[in-house]
Amino acid sequence: DAMVIQNPRYQVTQFGKPVTLSCSQTLNHNVMYWYQQKSSQAPKLLFHYYDKDFNNEADTPDNFQSRRPNTSFCFLDIRSPGLGDAAMYLCATSRDLGEGERNEQFFGPGTRLTVL
Amino acid sequence: KNQVEQSPQSLIILEGKNCTLQCNYTVSPFSNLRWYKQDTGRGPVSLTIMTFSENTKSNGRYTATLDADTKQSSLHITASQLSDSASYICVVSGTAGNKLTFGGGTRVLVKP
């Protein structure tokens, strides 16, 4: 089945220790997104890639970076995790940008990050 | 400012009963509205997606309605099952790019 895969599902890191979360997709979608979701809150968009074009949200801290080495993979790097960065991180993909059902976002299962 | 408001924040229903969740939005211009189901500790899964011209769409026991004039949507769950316990999130897409505006979700607990 075509899908969005996130690894690991659970990640524990230490305060200040860099961590990388992984997302891969078999949908061959052009767009990949990273969201941060804290407990009982709506997901918050951090950034997205349209193909190789990186689009950062204005309020995303510099501590969060992303890489997309190819169509299938996208990584979220947290350079110096703080206690406030503990959250669920969701990866999503869409075929394209713009209107309509063809651009529906498909979400992965998420990676729950714990910062000690 | 684009906003999506959901009500109630949470509800408890008995297995087999029906319930209706509400969503009001101010996103403009409007492209489409989606309802997602998010199980605890999992990513959101799409239930329905509706464009401006659609006013109802069903997916099994889930039926969504849309009134684009009043900017309201509802999600009706029929004959609830224990597996329906989850958060239900209303998400609205504007026509600028594919940026989504998320509602805060309604947490549903189905009890036996």
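The structure contained in this document is the topic of the report that follows. (Residues numbered from 1 in each chain as written. Chains lettered and ligands numbered in written order. Predicted model: local features only at pLDDT ≥ 70, side-chain atom pairs only at ≥ 80, totals over all residues. Heavy atoms only, no water.)

## A look at the overall build of chain A
What counts is decided by this rule: Helical segments are the DSSP runs of H or I of at least four residues, strand segments are the runs of E of at least two, and each set is numbered from the N terminus. With C-alpha atoms as the basis for the radius of gyration, the globule rule is written as 2.2 Å multiplied by the number of residues raised to the power 0.38. Using a 1.4 Å probe, the Shrake-Rupley method yields the accessible areas, and only the shown protein chains count as cover for residues. His is not counted, nor are the chain ends; Lys and Arg add positive charge and Asp and Glu add negative charge. One atom stands in for each charge, and that atom is NZ of Lys, CZ of Arg, CG of Asp or CD of Glu.
Counting secondary structure elements, chain A contains zero helices and 11 strands. Of the regular secondary structure in chain A, the N- to C-terminal order runs β-β-β-β-β-β-β-β-β-β-β. The C-alpha atoms of chain A give a radius of gyration of 14 Å, which matches the 13 Å a tight globule of 116 residues would have. For chain A, the computed accessible surface area is about 5700 Å², with 48% contributed by carbon and sulfur atoms. Chain A carries 11 positive and 12 negative side-chain charges, and their two centres are separated by 8 Å.

## Considering the interface of chain B and chain A
Formally: What makes two residues a contact is simply this: any of their non-hydrogen atoms within 4.5 Å. The buried area of a pairing is the accessible area, by a 1.4 Å probe, that goes missing from both parts when the two are put together, added over both. By the criterion applied in these results, polar contacts are pairs of N or O atoms within 3.5 Å in which, for protein atoms, one can donate a hydrogen and the other can accept it, and in which residues neighboring in sequence qualify only through two side-chain atoms. Under this grouping Gly is polar, as are all residues other than the nonpolar Ala, Val, Leu, Ile, Met, Phe, Trp, Tyr, Cys and Pro and the charged Asp, Glu, Lys and Arg.
Between chain B and chain A, the contact holds 21 residues from the first and 25 residues from the second. Buried surface at the junction of chain B and chain A, summed over both partners, amounts to about 1800 Å²; 49% is from carbon and sulfur atoms. Linking chain B with chain A are five residue pairs in polar contact (both at pLDDT 80 or more), by the criterion used here. Mapped onto the side of chain B that touches chain A, the elements with two or more residues apiece are strand E4 (30-38), strand E5 (45-51) and strand E10 (100-102) of chain B. Considering each element in turn, the side of chain B that touches chain A owes the most residues, five residues, to E4 of chain B. Its residues assigned to classes, the side of chain B that touches chain A comprises five nonpolar, 10 polar and six charged.

## Describing the sheet that holds strand E8 (residues 72-77) of chain B
All names here are of chain B. To keep it simple, the criterion reads: When DSSP locates at least two bridges between a pair of strands, those strands are taken to pair. Each axis is a line fitted through C-alpha atoms, taken for helices only over the stretch in contact, and angles between the N-to-C directions span 0 to 180 degrees.
Strand order across the open sheet formed by five strands is E1-E3-E8-E7-E6, with antiparallel pairing between neighbours. Either end of the sheet is taken by a strand with one partner, and the two such strands are strand E1 (4-7) and strand E6 (56-59). The mean angle between the axes of side-by-side strands here comes to 15 degrees, regardless of whether they run parallel or antiparallel. Where E1 lies against strand E3 (residues 19-25), four bridges are found, and the strand directions are antiparallel. Its bridge partner lying in E3, Ser7 is registered against Gln22.

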